Amino acid sequence: MGNFSGSKKKLVVAGLASILLVAMVVAVAVTVTNKKCDTTSDGGNKISATAKAVKAICSPTDYKETCEQSLSNANSTDPKELIKVVFDVAVKNISDVIKKSSLLKEAAEDPRTKAALETCDELLDTSMDDLRRSFEKVGAFDTTKVDEYIEDLKTWLSAAITYQETCIDAFENTTGDTGEKMKKLLKTAAELSSNGLAMVTDFSSVLSSLQIQGFSRKLLSDSAENEESEKRRLYDYGHDDSDYYPGSPHKKQHGRRLLDNPPNFVSSKARRLLAVPRAFLRPNIVVAQDGSAGKFRRINDALATVPKKNNNPFVIFVKSGVYKETVIIPRKMNNIILIGDGPTRTIITGSKNFAEGTQTFHSATVAVNGDDFIARDIGFENTAGAAKHQAVALRVSGDRAIFQNVHMNGYQDTLYTHAYRQYYRNCLISGTIDFVFGDAVSVFQRCRFVVREPMKNQACMVTAQGRKDPRGVGVIVIQDSDIVPEPAFLAVKPALKAYLGRPWKEYSRTIIMHSYIDGFIDPEGWSAWAGTYGLNTLYYGEYQNRGAGSNLSHRVRWKGIKRITPQIAQSFTGGRLYQGDQWITSSGVPYSPAL
């Protein structure tokens, strides 16, 4: 179909998407009305059309009994309406769990258990919020952006599951059986959320497999192919990284050309920000610890002035200094852009940690809960040290977050890539154990992972990815990056062990490609979490890496270790993982959507 003009192609794409959706609904309806009638156990009554539709929509789920029970009062054969009912029932179920957890809180005597229950209230409220926005998204099917539509749903439903799992994780190292009680209370909600994700995933596969009059699903992405090639030309070649990597082969004039002529897919607001060098950027607020500029000395005081329901880029410029404060970007505080004077000059620091009583989730020096957050040229650190165990420097719990030239320094659990979609470029992340962990769709390009000296007799793990559901979107992708030790790590005798990662959750997924892996990484590459847990269900792969630590000949032979082909590697690039990546391309941050 290469002879189609741009306008005609858009019409075909929009029309085809509409046809596919209608075709799926009609197919279910036809099946319901024309198939031979089943009978109930007494051999008498016919099963209703709705009941047949319920069985059909529940067929891809792992918890069919829970699925059918949740739809027992449904009165529709429309797959969209049935999916929405599942979301609604899940929200009501979680709301009931929150009410029951208050009784557990009254009975709890252990301070850590009380803190875990309070954390759960926050997490479950957010899980409900993700289910609600998924409900609204299903009701507003966008026929022009099928891939992005499905990807939003899968991202938010995966996050809803992650928040529930994070609630259960909060009870680790608590006394009593409250954690088990909470797990039982959340059992139905977890099954309903998983079922919803299965339905949406199957919805996507049905659209992909249907073919109408010779047109295939491929046409849906045809209109994006030219745009992707343009993005690749501009971002692979056009952006200049030499500021971050001296001696970079990229030429400054190419980066300047992009600034002078932003591509047409950049939004007008972001284009204005993209076109202005940092030295001439007019921020909404300036924060200066020394009082040399603006009226704020603390970042939190500046955040307090951000308008509610902010829909525009809100730029906060933080001048050089060490800011000793816990910075939290609240849920619904969106479009915040935090810019510093450089990652070694503007530093936000803290030392909250698990050993001294703070939940891991709340130990972050900087916590991002709002969507569309951007940080640039700034440093985040947690100085608690290896002996204090879990101590997060940065937790990201907001969708479509971007970090460029940001340093994240800590020890155990430095960077918590908690949920949703995240992109990191030219960043430095240092730590000891599981220092990049979480269940977001997180892509790291041209980043540097520095393994620090841990406590005596400890081994280090770069990653601990936490995908709980096999259909979840979560993954850690390390691309065109470096994995190296700090000198203090190498100085310890006998030599310490270090691994690329281990499976925090059963379906842990991590891909490392086109990166430099230093020889300090153990030849086995990956470490077990506990016994054989997750070894058959994880998904770990390495592709065309270099360095003494990249040799695959002695890697562990678990079932979950995958052989990565060029096609598979391509599927883990930003352009494929994110489906809709305009939130990155419109930011002005260097980005490679493909290999």
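This text gives an overview of the structure that appears in the document. This one's a predicted model, so the numbers in the text were calculated from it and none came from an experiment.

A separate point is the nonpolar core. Core analysis: the largest hydrophobic core is formed by 58 residues, its most contacted members being Phe380, Phe403, Ile429, Phe444 and Phe449. Looking at which element gives the most residues to this core, the answer is strand β10 (residues 401-409), with 4 residues. Every residue in contact with Phe444, bar those within four places of it in the chain, is listed here: Leu415, Thr417, Tyr424, Ile429, Val436, Phe449, Ile476, Val477, Ile478, Gln479 and Ser481. Counting residues in each nonpolar core, the second largest holds 57 residues, with Tyr149, Met199, Ala367 and Val392 among its members.

Moving on, we come to the side chain of Arg425. Structurally, Arg425 can be placed in strand β12 (residues 421-425). Residue class for Arg425 comes out buried when judged on its relative accessible area of 2%. At 3.5 Å, the side chain of Arg425 forms a polar contact with the side chain of Tyr423. A distance of 2.9 Å separates a polar atom in the side chain of Arg425 from a polar atom in the side chain of Gln445.

At the junction of Lys493 and Pro494, the peptide bond is cis and its omega measures out at -5 degrees in the coordinates. Mapped onto the fold, Pro494 is located in the loop between α13 (487-491) and β20 (498-501). Notably, Asn426 is not glycine yet its phi reads approximately 55 degrees, a positive angle. When you line up the elements, Asn426 lands in the loop between β12 and β13 (428-431). We note that Arg446 has phi near 55 degrees; this positive angle belongs to a residue other than glycine. One can find Arg446 in the loop between β15 (441-445) and β16 (448-451).

With that out of the way, let us pick up the packing of helix α4 (residues 79-107) against helix α5 (residues 111-138). The contact between α4 and α5 brings their axes to 9 Å, and the two run at 165 degrees. The orientation of α4 relative to α5 falls into the category roughly antiparallel. Crossing of α4 over α5 shows left-handed handedness. Of the residues in the contact of α4 with α5, the class split is 14 nonpolar, 4 polar and 9 charged.

One can find Gln579 in the loop between α15 (574-577) and α16 (582-585). In sequence terms Gln579 and Asp152 are 427 residues apart; their C-alpha atoms lie 9.3 Å from each other.

The strand order across the open sheet formed by 7 strands is β4-β7-β9-β11-β14-β17-β20, and the pairing between neighbours is parallel. Strands with a single pairing partner mark the edges of an open sheet, and in this sheet they are β4 (327-329) and β20. Taken pair by pair, the neighbouring strands of this sheet meet at an average axis angle of 15 degrees, ignoring direction. Both β4 and strand β7 (residues 366-368) contribute to a ladder of 3 bridges, which runs parallel. Note that in β7 the partner of Ile329 across the bridge is Val368.

Before going further, it helps to examine the environment of Arg452. Take Arg452: it is sitting in the loop between β16 and β17 (460-465). Engagement of the side chain of Arg452 in a polar contact is seen with the side chain of Tyr411, the distance being 3.1 Å.

For the structure shown, the criterion picks out 2 disulfides. The disulfide bridge from Cys58 ends at Cys67, spanning 2.0 Å between sulfur atoms. Handedness of the Cys58-Cys67 disulfide follows from its S-S torsion of about -80 degrees: it is left-handed. On the accessibility criterion, Cys58 (1% relative accessible area) is buried. With relative accessibility at 1%, the residue Cys67 sits in the buried group. Residue Cys120 pairs covalently with Cys167 via a disulfide, S to S 2.0 Å.

Looking now at the pattern of salt bridges. One pass over the structure, following the stated rule, counts 29 salt bridges. With a closest N to O distance of 3.2 Å, Arg400 and Asp399 form a salt bridge. A relative accessible area of 0% means that Asp399 is categorised as buried. A single salt-bridge network, built from bridges that share partners, covers Asp129, Asp130, Arg133, Arg331, Lys332 and Asp371.

Of all 9 residues that make up β10, 8 are buried, and the element is covered over most of its length. Looking at chain direction, strand β8 (residues 374-382) and β10 are connected through 7 bridges and run parallel. From the neighbouring strand, Ile374 faces β10, where its bridge partner is Ile402. Examined bridge by bridge, β10 and β12 share 4 bridges and lie parallel to one another. Residue pairing in the sheet places Gln404 in a bridge with Arg425 of β12. Where β10 meets β13, 3 bridges bridge the pair, whose relative direction is parallel. In the strand pairing of β13, Met408 is matched with Ile429.

Here α4 crosses helix α7 (residues 178-185) at 160 degrees, and the two axes come no closer than 10 Å. It follows that α4 is roughly antiparallel to α7 by the angle criterion. For the element pair α4 and α7, the recorded crossing hand is right-handed. For the pair α4 and α7, contact is made by Asn93, Val97, Lys100, Ser101 and Leu104 and by Thr178, Lys181, Met182 and Leu185, respectively.

With that settled, the discussion passes to the packing of aromatic side chains. Scanning the model with the defined rule gives 14 aromatic pairs in all. Centre to centre, the rings of Phe437 and Trp504 are 5.6 Å apart; their planes meet at 65 degrees, and the pair counts as edge-to-face. With Phe437 in strand β14 (residues 436-438) and Trp504 in the loop between β20 and β21 (509-513), this pair connects stretches of sequence that are 67 residues apart. The exposure classification of Phe437 matches that of Trp504, with both residues buried. With 4.2 Å between their ring centres and 25 degrees between their planes, Trp526 and Tyr540 make a pair best called stacked. One end of the pair, Trp526, is in the loop between β22 (516-517) and β23 (539-543); the other, Tyr540, is in strand β23, with 14 residues separating them in the sequence. On the basis of relative accessibility, which here comes to 2%, the residue Trp526 falls in the buried class. Taken together, the ring pairs in this structure connect Phe373, Phe403, Tyr424, Phe444 and Phe449 into an aromatic cluster. Just above the ring of Phe361 sits the side chain of Arg395; from NZ or CZ to the centre is 3.7 Å. Here the basic side chain of Arg452 rests over the ring of Tyr411, its NZ or CZ set 4.2 Å away from the ring centre.

Parameters and conventions
Residues numbered from 1 in each chain as written. Predicted model: local features only at pLDDT ≥ 70, side-chain atom pairs only at ≥ 80, totals over all residues. Heavy atoms only, no water. Core = buried A, V, L, I, M, F, W, Y, C linked by side-chain atoms within 4.5 Å. Buried < 20%, exposed > 50% of the residue type's maximum accessible area, 1.4 Å probe, protein only. Helix = DSSP H or I, 4+ residues; strand = E, 2+ residues; numbered from the N terminus. Contact = heavy atoms within 4.5 Å. Polar contact = N/O pair within 3.5 Å; in protein donor to acceptor, adjacent residues only side chain to side chain. Axes fitted to C-alpha atoms, helices over the stretch in contact; angles between N-to-C directions. Parallel < 35°, antiparallel > 145°, perpendicular 65-115°, else oblique. Left-handed = near helix turned anticlockwise from the far one by under 90°. Nonpolar A, V, L, I, M, F, W, Y, C, P; charged D, E, K, R; others polar. Pairing = 2+ DSSP bridges. Disulfide = S-S within 2.5 Å. Salt bridge = Lys/Arg side-chain N within 4 Å of Asp/Glu carboxyl O. Phe/Tyr/Trp six-rings, centres within 6.5 Å; stacked < 30°, edge-to-face > 60°. Lys NZ or Arg CZ within 6 Å of the ring centre and 35° of its normal.

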